Amino acid sequence: MKKFVNDPKTFVPDMLTGLALANPDTLRYVPEYNLIMRADAPRHDKVSIIQGSGSGHEPAHVMVVGKGMLDGACPGDVFAAPPMEYVLESAKLLASDKGVLLLVNNYTGDKMAFEMASELAEAEGLSVRTLFIDDDVAVQDSTWTVGRRGVAGNFFVMKAVGAAAEAGADLDELVRIGERVNSVTRTMGIALTPCTPPAKGSPLFELGDDEMEVGVGIHGEPGRRRAPLVPADGVVDELLGAVLPDLPYASGDEVALMINGLGGTPISELYLLYGIAHQRLAAQGITVGRSYVGEYCTSLDMAGASLTLVRLDDEIRGLLAAPAEVAVRVF
């Protein structure tokens with residue numbers, strides 16, 4: 001498998017160096033801790049928000065650092081949780097008078113690193129809270145989790161708490177908002193191909209030309225089952241058939257609909273899936289109030305997509321509509 005890479009061991013810092021050099025006015029890079037942070041952080045008039053997790057899911061999380069989103073991100077190696085020391089030192093560097101909120105996708109390694117870092121930070125006098133995200137409906141327990149996985153729905157938690165923090169909300173209020181958004185957010189994905197980590201150099205698993213992995217995890221973990229490949233209509237029906245009854249979502253609801261690419265899917269195919277999903281929801285009396293199509297939380301070069309629904313109300317709708325400025329811009 002061909003990759004643009006020098007030494008796989010330095011893949012993440014090499015990537016972070018490029019990200020920082022491309023955005024010198026808005027981002028600061030602290031290589032000792034893989035930390036990408038806002039150039040104006042910490043700001044003592046707002047809570048600082050940090051998320052980590054493994055690399056390989058870009059633009060999550062290092063590319064959504066900016067005003068109205070994250071104040072910092074400290075990733076680990078590809079598909080590996082950041083070391084506890086990275087999280088602790090990142091929290092100390094970003095410590096604000098209003099406190100620090102740690103966002104954690106529900107994976108065992110990430111939970112361990114962030115919980116330990118939170119305890120040590122509190123012992124040093126920092127005000128820290130931790131919020132776990134678990135929007136994936138595909139499986140209850142998987143290769144790397146106890147409970148449900150945190151996947152592309154983490155974007156909506158980041159966006160909501162980021163907007164609220166920018167408006168001056170305190171730490172307790174941010175935890176309330178984050179937990180509320182997480183509670184009405186559901187996601188499931190389907191993979192058409194495996195992904196290839198730089199250090200491995202070969203696909204993580206095998207998938208036949210006529211197969212798809214239903215409910216795949218963003219690290220390539222198995223989903224609900226391996227099934228024959230079906231047309232796009234069938235893919236959307238499979239995803240909605242799992243996501244809709246889980247909350248459940250019902251006629252009369254207004255939702256945010258996200259079709260997220262897993263890294264190797266053309267944007268044209270993502271919009272095709274979006275159109276089908278939008279029409280299926282309308283037929284069930286569910287209104288799409290906000291739309292998201294693109295790559296938000298990927299799995300390196302995996303071909304596939306995930307579908308996320310968020311039940312909207314006045315508070316969540318307003319937070320999602322608030323302005324944000326992040327490192328990655330189209331124009």
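Use the structure listed above.
Our subject in this report is the structure included herewith. (Residues numbered from 1 in each chain as written. Predicted model: local features only at pLDDT ≥ 70, side-chain atom pairs only at ≥ 80, totals over all residues. Heavy atoms only, no water.)

What to know about the sheet that holds strand β13 (residues 304-311)
The mixed open sheet is built from six strands, whose spatial order is β10-β9-β8-β13-β11-β12. With one partner strand each, in any of the chains shown, β10 (225-228) and β12 (287-294) form the two edges of the open sheet. The mean inter-strand angle of the sheet, taken between neighbouring strand axes irrespective of direction, is 20 degrees. Where strand β11 (residues 254-261) meets β12, seven bridges bridge the pair, whose relative direction is parallel. For asparagine 260, the partnering residue across the bridge sits in β12 and is glycine 294. The strands touched by helix α6 (residues 232-243) are β8 (185-191), β9 (211-214), β10 and β13; relative to β8, the strand with the most contacts, the crossing angle is about 145 degrees. (Pairing = 2+ DSSP bridges. Helix = DSSP H or I, 4+ residues; strand = E, 2+ residues; numbered from the N terminus. Axes fitted to C-alpha atoms, helices over the stretch in contact; angles between N-to-C directions. Contact = heavy atoms within 4.5 Å.)

Describing the packing of aromatic side chains
Tallied over the entire structure, the rule returns six aromatic pairs. Summarising the aromatic geometry, the rings of tyrosine 33 and tyrosine 86 are spaced 6.3 Å apart at their centres and angled 70 degrees between planes, so their arrangement reads as edge-to-face. On the criterion of sequence distance, the pair formed by tyrosine 33 in the loop between β1 (27-30) and β2 (35-38) and tyrosine 86 in helix α2 (residues 84-93) is long-range, its members being 53 residues apart. Overall, the relative accessible area of 22% leaves tyrosine 86 in the partly exposed class. Taken together, the ring pairs in this structure connect Phe155, Phe156, Tyr292 and Tyr296 into an aromatic cluster. Lysine 111 extends its terminal NZ or CZ atom over the ring of phenylalanine 132, reaching a point 4.9 Å from the ring centre. (Phe/Tyr/Trp six-rings, centres within 6.5 Å; stacked < 30°, edge-to-face > 60°. Buried < 20%, exposed > 50% of the residue type's maximum accessible area, 1.4 Å probe, protein only. Lys NZ or Arg CZ within 6 Å of the ring centre and 35° of its normal.)

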